[in-house]
Amino acid sequence: HKEDGTHFVNGIKTYTDLELALEVGKKENKPVMIDFTGWACVNCRKMEENVWPTTKVREHLSENYIIASLYVDQQTDLPESEQFMSPYLKRKAVTVGDKWFDLALRNFKAAAQPFYVLIDPINHRILNTPVPYTPDKNEYAKFLDCGLKNYKSLH
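Here the structure is a predicted model, which is why all the values come from computation and not from measurement.

1. Re the overall build of the protein
Here is step 1: Within the protein, the secondary structure is distributed over 5 helices and 8 strands.
Here is step 2: A compact globule built from 155 residues should have a C-alpha radius of gyration of about 15 Å, and the protein, at 15 Å, falls within 12% of that.
Here is step 3: A buried classification covers 48% of the 155 residues belonging to the protein.
Here is step 4: For the protein, long-range pairs separated by at least 24 residues make up 60% of all intrachain contacts whose partners lie at least 6 apart in sequence.

Below, the structure is given as structure tokens:
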């Protein structure tokens, strides 16, 4: 886990902070893929190991998208000032993971991981219908193609 808020998943650079990913997306004029994931998530690893490395998908993720990998089970404590009561978690959000899980539930009604959301970092609009676990590499590549086309048509 690097200090600059990035890490690598099978050689693909991802950001562990959404704000940072959105900033980079804006700067580089690229859509952002929010990857709601978890350290303990088996299907997340299957996607990263079997689908992400395939040619078309890897190209999209490495070159056309900025990825925010948000770990909903990240146990790092949030600073006191950033803790909040979450009606979605039905308790106080006290860890970084809580913050990301609250975001997933609040904005996307998504309780399962992985969950992938393609967004425009400029106006924060969702670019197409988010998808959960998608083991079919062609279907997943199509999802990424579609998001990129929609992004380009907006800009």
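2. Quick notes on the state of the cysteines
Here is step 1: In total, this model carries 1 disulfide according to the counting rule given.
Here is step 2: With a sulfur-sulfur separation of 2.1 Å, Cys-41 is cross-linked through a disulfide to Cys-44. A torsion of 80 degrees about the S-S bond marks the disulfide between Cys-41 and Cys-44 as right-handed.
Here is step 3: Cys-41 gets classed as buried once you look at its relative accessible area, which sits at 11%.

3. A few points about the pairing of strand 2 (residues 12–15)
Here is step 1: Across 4 bridges, the pairing between strand 1 (residues 6–9) and strand 2 is antiparallel. Of the residues in strand 2, the one forming a bridge with Val-9 is Ile-12.
Here is step 2: What sits between the antiparallel neighbours strand 1 and strand 2 is a turn of 2 residues, in which Asn-10 has the positive phi angle 50 degrees.

4. What about helix 3 (residues 55–64)?
Here is step 1: Every buried residue of helix 3 is listed here: Val-57, His-60 and Leu-61. An end-on view of helix 3 places all buried positions within 90 degrees of arc, on one side of the element. Turned more than 90 degrees off the buried face of helix 3, the exposed positions are Thr-55 and Lys-56.
Here is step 2: Where helix 3 is buried, its residues contact strand 2, strand 3 (32–37), helix 2 (42–51), strand 4 (66–71) and helix 5 (137–154).

5. So, helix 1 (residues 18–28)
Here is step 1: Those residues of helix 1 not exposed but buried are Leu-18, Ala-21, Leu-22, Val-24 and Gly-25. Each buried residue of helix 1 sits inside an arc of 165 degrees when the element is viewed along its axis, so together they form one side. Opposite its buried face, helix 1 presents the exposed residues Glu-19 and Lys-27, each directed more than 90 degrees away.
Here is step 2: Against strand 2, strand 3, strand 4, helix 4 (96–108) and strand 7 (115–119) lie the buried residues of helix 1.
Here is step 3: Among the residues of helix 1, the N-terminal cap falls to Asp-17, whose side-chain oxygen and the backbone nitrogen of Glu-19 are separated by 3.1 Å.

Quick notes on the rules
Residues numbered from 1 in each chain as written. Predicted model: local features only at pLDDT ≥ 70, side-chain atom pairs only at ≥ 80, totals over all residues. Heavy atoms only, no water. Helix = DSSP H or I, 4+ residues; strand = E, 2+ residues; numbered from the N terminus. Rg over C-alpha atoms; globule rule 2.2 N^0.38 Å. Buried < 20%, exposed > 50% of the residue type's maximum accessible area, 1.4 Å probe, protein only. Contact = heavy atoms within 4.5 Å. Disulfide = S-S within 2.5 Å. Pairing = 2+ DSSP bridges. Arc of directions from axis to C-beta. Polar contact = N/O pair within 3.5 Å; in protein donor to acceptor, adjacent residues only side chain to side chain.

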